[in-house]
Amino acid sequence: MQEHYKSLADSALEMLLDLGVDFADVRLLSIEGLRIEVADGKVKELKFMDEVGLAFRCLVAGGWGFTSTSALVVDEVKRSCLQAYKLAKNIGDGAKDKLKLSCSNTAATSAVILKPIEPLSNMTVAEKLAMCREMEREMLSFSDRVKSTSAIYSEFSENAYTVNSLGLKSEYLVPGLIVQASAYASEAGLVQRGYESHGGTGGLELLKHRKPLDIAEDAARKAIELLAAKSPPAGRHTCILDPELAGVFIHEAFGHACEADLVLSGASILEGMTSKIVGSPKVTVKDDPSLKGLFGHVPADSEGVVGRGTTLVDRGVLMSYMHSLETSSRMGVQPTGNGRAQGYASFPLVRMTNTFIDKGECSVEELFESIRKGVYAKGSSYGYVDPARGEFVFKCSMLYLIEDGEPIQLCRDAALSGHTLEVLMNVEAVADDLSFRPGLCGKEDQFVRVTSGSPHIAVRNVLVGGMA
Amino acid sequence: MSLLDACRNMIDEALKEGANACEAYGVDVKSIRIDLRKGEIRTAKVVHDVGVGFRALVRGSLGYSYTTSLNVDLHDVAKKAVKAAKAGYPDPDFVGLTNPSSYQTPRGTYDKRIASMTQYELVELCKLLAREANIAGVFSVNVLAESSVFKCFVVNSNGVEGTDEGTSFQVTIYVTAKDGTRMSSSYEGNAVRSIDAIRPEELAVKAAREAVEGLKAQHYRTSRVPVILAGEVMLPVIVGGIASALNADLVQRGRSFMASKLNSKVGPEELTIIDDGLIDGGLLTRKFDVEGCPRKSTVLVDKGVVKNLLHNSYTAGKAGLESTGNASRSGGELDFRGQVTVAPSNVLVKPGDWSLDEMISEVKNGLLILNTSDVPNIATGDLSAMVTHGYIIDKGEIGTQVKETLFALNILELMEKAKAVGKEVSRHYNLYSPPLLLSDVQVSSKA
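Everything quoted here is computed from the prediction, not taken from an experiment.

Each value, and the rule that gives it
Residue positions within a chain follow its written sequence, with the count starting from 1. To read the labels, note that chains go from A and ligands from 1, taken in the order they are written. In view of the model being predicted, local features appear only for residues whose pLDDT reaches at least 70, and side-chain atom pairs are presented and counted only at 80 or more, with totals across whole chains, interfaces and linings using the full set of residues. Strands pair, by our definition, only if DSSP identifies at least two bridges between them. Helical segments are the DSSP runs of H or I of at least four residues, strand segments are the runs of E of at least two, and each set is numbered from the N terminus. Boundary definitions for the domains trace back to an automatic or database domain assignment. Amino acids are sorted into nonpolar (Ala, Val, Leu, Ile, Met, Phe, Trp, Tyr, Cys and Pro), charged (Asp, Glu, Lys and Arg) and polar (every other residue, Gly among them). In this analysis, the expected span of each helix is defined as 1.5 Å times one less than the number of residues it contains. Neighbour counting defines burial: a residue surrounded by 20 or more other C-beta atoms within 10 Å of its own C-beta is buried, one with 12 or fewer is exposed, and intermediate counts give partly exposed, using backbone-placed C-beta atoms. With C-beta atoms placed from the backbone, a contact is any residue pair whose C-beta atoms sit within 7 Å. Connectivity within a nonpolar core runs through C-beta atoms within 7 Å, and the core itself is a set of buried Ala, Val, Leu, Ile, Met, Phe, Trp, Tyr and Cys residues. Axes here mean lines fitted to C-alpha atoms, for a helix over just the part in contact, with angles spanning 0 to 180 degrees between N-to-C directions.

1. Things to note about the pairing of strand β8 (residues 235-241) of chain A
Residues and elements named next belong to chain A.
Moving on, step 1. Sheet topology note: the β8/strand β21 (residues 457-465) ladder contains six bridges and is antiparallel. Bridging across to β21, L241 finds its partner in I457.
Moving on, step 2. Taken together, the three bridges between β8 and strand β15 (residues 373-386) define a ladder with parallel strand orientation. From the neighbouring strand, I240 faces β15, where its bridge partner is Y376.

The structure is reproduced here in structure tokens:
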């Protein structure tokens, strides 16, 4: 990060303090990146990304003011600081609730630089483009029923510097990448899409953990398999969820309701539930931003807080919510490093990072043996939750009917649904094959990179919405 | 430097760098956003997003770049797009950037009262809405109000130079109600171009009533029943399902369930759907799209027959047609960072003869579905969705709300099964639609 920009951020903090705020922070964020999308043999997008901006936030008598700018010059910074102060003061003047922020661990952290094993620059743009084209060829060669393909390679280097009036100071540089493959197969007028992705924080070594050509082949295989899929049976079933889907399940069904800002705004069904039993003793759920290499890894959150991992559910008991500086101060606990913003122009919210169901004790084989009749749901397209009602839904890309312990018929486009307070209670078995998938999570128009993880799990009484 | 000058400047720079053609899309949007949580105003934000998205064509290969700082070296940004284009390879389907033409000036897209709105007014509005929504049984009220004013510019090396400006105003109200451990919630929201087009107080009262009613919500039975779709649920069905599937890019690639449906009859005579980028006060009404092509009105479905697809310059060039003015960017009309895509503008469903009351008595036993957060799978047309706001219709009367209930249908099947089109048009974001009555839909719930 350019020292000049950092000193601009430091002087902005001083400016805000001089105005008489109760709390202020200034965040400098720069993102550089490259995005390549190839579709049907043609380049759809080849883009260099490069932006830098400053965010100013202050608290005056309980009211928050927030501004941002991409014009990194002294006059504009002064103007933005003053505006943030005025916004905050206006709200603070009318606020009954005079929030004060606190955080016991405000030692300045030294700059964290995530050094990739293989820097992103070790491949040229032309080589990365050629890789995408090869992924497309791989999908097309899988079957002549694959008619349309896309391959995406996207890399970023995120450099953040945050200072606040509690004395917290953090800086990090994190590179990362994601590779995505989509295959569209068609037969007799029916079109099916298979999608696979792999990514994380780090460098080109991530491409060795799961090879781009394997990702492409898996996407093509999914699309072909789905051509034979039928509409799923509507009703309640015992479900085995694969790690990808179970990861989305824990994120949607439970993770969001554990976000303390939702709890405080009266919009979470988990309000007042800490230290109560919310799930079967087989279930332990964690959120851990410190897991290097995973896509949701952040050395410090957008408020400068270093998160060391939070156990949300310990063997069925709700232990903690996820926090920002504001929510932890309101609830009298320590922040957990979950205050995250999409970019410099967004206000930090309580967000998940790497969220997962911890591994259990049985093997996948034992888990399948225990379920004689039900469904096996694999892969996820998306999910969402209404955390107040506790109703959630998530979409699986493939669903197999299980009879006599064997998957027999493949179904497509099924929505699975349930209730937050019931569903973890209904977890019957957790296998030992924990794995992770990268994704983007949306909340209030902000998207952040996250990882969801889980082993195979079996859940009783899941509602499947189908057409049959 | 002004944004328009920056755009012009970058065109010159890119041509000097060896671009054969290039285009700058400049956006300046300023928003004030007020958040009220659990009855109290929490934050006031001013977000000023300004930047230029740039595309350069070198020997038939297109490269992208963008910048958010007009005080950086614009030469560098133009050079990056040229470098990206040189790293790619030619696409013979890319016919060229937009050519100059005249623009119509639509009405009702700029409201001085929104442009001059202050944070104080928005704070007072949020407080008023919180009071309106605070009825017996309500546990928490959360309000978000946002006013925005924007300018956008398209300049390209063919001589296109367009300037447009506008305002928008958005309000969302999320209310929860609690009774012991039972909790329910309701959401109401809308976005408009002029302040007269919205009644925020009515939305607040509606959200509050629905949340309290929701405490009595019941499960439904897993069955096939007639269903009325009305209100906001039409957004994923009509915009997300039908108009988005008529995206020429997806159709040309065979990725849409509508791929072979052009000129085929897919719905009843009563069903006519139009994409209109110029309608008075439409949320996505503009003089021109993100490529500088004039906005138009395009009939998508005429009396049940698929008539046209939505195009940008790329898909139109490939098909030998004219663009329909539906170029957008991956993050929407005001996104200068994202990829150029095809997207619906304002979508209108022509009203039919049925009143909602007539539809309800016709259904006898079934569901009235008003909202879901799900979207259809565009490859298959399948929509398997959770009812986030809906009512049981019992003996021709509206009964209690439903909870934990899913419905599933295919969009093509939906059009076939559309038994009646309503006459009362409601407006949600970029959609103007009456209700639809469907003869039978698979519903799953607890029982």
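2. Describing unusual backbone geometry
Moving on, step 1. Its identity is not glycine, yet D445 of chain A carries a phi of approximately 70°, on the positive side.
Moving on, step 2. Note on placement: D445 of chain A falls in the loop between β19 (435-443) and β20 (446-454).

3. A look at the domain arrangement of chain B
Reports often express the size of an interface as the amount of accessible area lost when the parts come together.
All names here are of chain B.
Moving on, step 1. In terms of domain boundaries, chain B breaks down into domain 1 (3-214) and domain 2 (217-447).
Moving on, step 2. Distance from the C-alpha centre of domain 1 to the C-alpha centre of domain 2: 23 Å.
Moving on, step 3. For the side of domain 1 that touches domain 2, the elements supplying multiple residues, two or more each, are β1 (21-37), β2 (40-58), β4 (138-156), β5 (161-179), β6 (182-192) and α5 (200-214).
Moving on, step 4. Taken together, the residues of the side of domain 1 that touches domain 2 break down into 17 nonpolar, 18 polar and seven charged.

4. Observations regarding helix α2 (residues 74-87) of chain B
Side chains that are three or four residues apart share a direction in an α-helix, a result of its 3.6 residues per turn.
Moving on, step 1. Given a rise of 1.5 Å per residue, 14 residues ought to cover 20 Å, and the 20 Å separating the end C-alpha atoms of α2 of chain B matches this to within 8%.
Moving on, step 2. Within α2 of chain B, 10 of the 14 residues are buried, which leaves the element mostly enclosed by the surrounding structure.
Moving on, step 3. Buried residues along α2 of chain B sit in contact with β2 (42-60) and α3 (125-142) of chain A together with α1 (3-16), β2 and β3 (61-67) of chain B.

5. Topic: the nonpolar core
Grouped burial of nonpolar side chains is what soluble globular proteins tend to show.
Moving on, step 1. Judged by nonpolar contacts, the single largest core of 291 residues is most densely connected at C58 and L416 of chain A together with M10, A56 and C126 of chain B.
Moving on, step 2. Looking at which element gives the most residues to this core, the answer is β4 of chain B, with 12 residues.
Moving on, step 3. In this view, M10 of chain B contacts A24, V52, F54, L74, V77 and A78 of chain B; residues no more than four positions away in its chain are not counted.

6. Side note on the sheet that holds strand β11 (residues 317-318) of chain A
Residue and element names in this part refer to chain A.
Moving on, step 1. Here we have six strands laid out as an open sheet, ordered β11-β10-β9-β14-β20-β19, and mixed in their pairing. At either margin of the open sheet sits one strand with a lone partner, and together these are β11 and β19.
Moving on, step 2. As defined by bridge partners, strand β9 (residues 285-287) adjoins strand β14 (residues 354-357) across three bridges and the pair is classed as antiparallel. Residue pairing in the sheet places V285 in a bridge with I357 of β14.
Moving on, step 3. Contacts from helix α6 (residues 243-255) reach β9, β14, β19 and β20, with the element oriented near 120° to β20.

7. Comments concerning the domain arrangement of chain A
All names here are of chain A.
Moving on, step 1. For chain A, the domain assignment lists domain 1 (112-227) and domain 2 (235-465).
Moving on, step 2. Using only C-alpha atoms to locate each centre, domain 1 and domain 2 end up separated by 23 Å.
Moving on, step 3. Domain 1 puts 19 residues into the contact, and the matching count from domain 2 is 18 residues.
Moving on, step 4. Of all the secondary-structure elements, those providing two or more residues to the side of domain 1 that touches domain 2 are β5 (146-164), β6 (169-187), β7 (190-201) and α5 (212-227).
Moving on, step 5. Per element, the largest residue contribution to the side of domain 1 that touches domain 2 is six residues, and it comes from β6.
Moving on, step 6. Of the residues that constitute the side of domain 1 that touches domain 2, the class distribution is seven nonpolar, nine polar and three charged.

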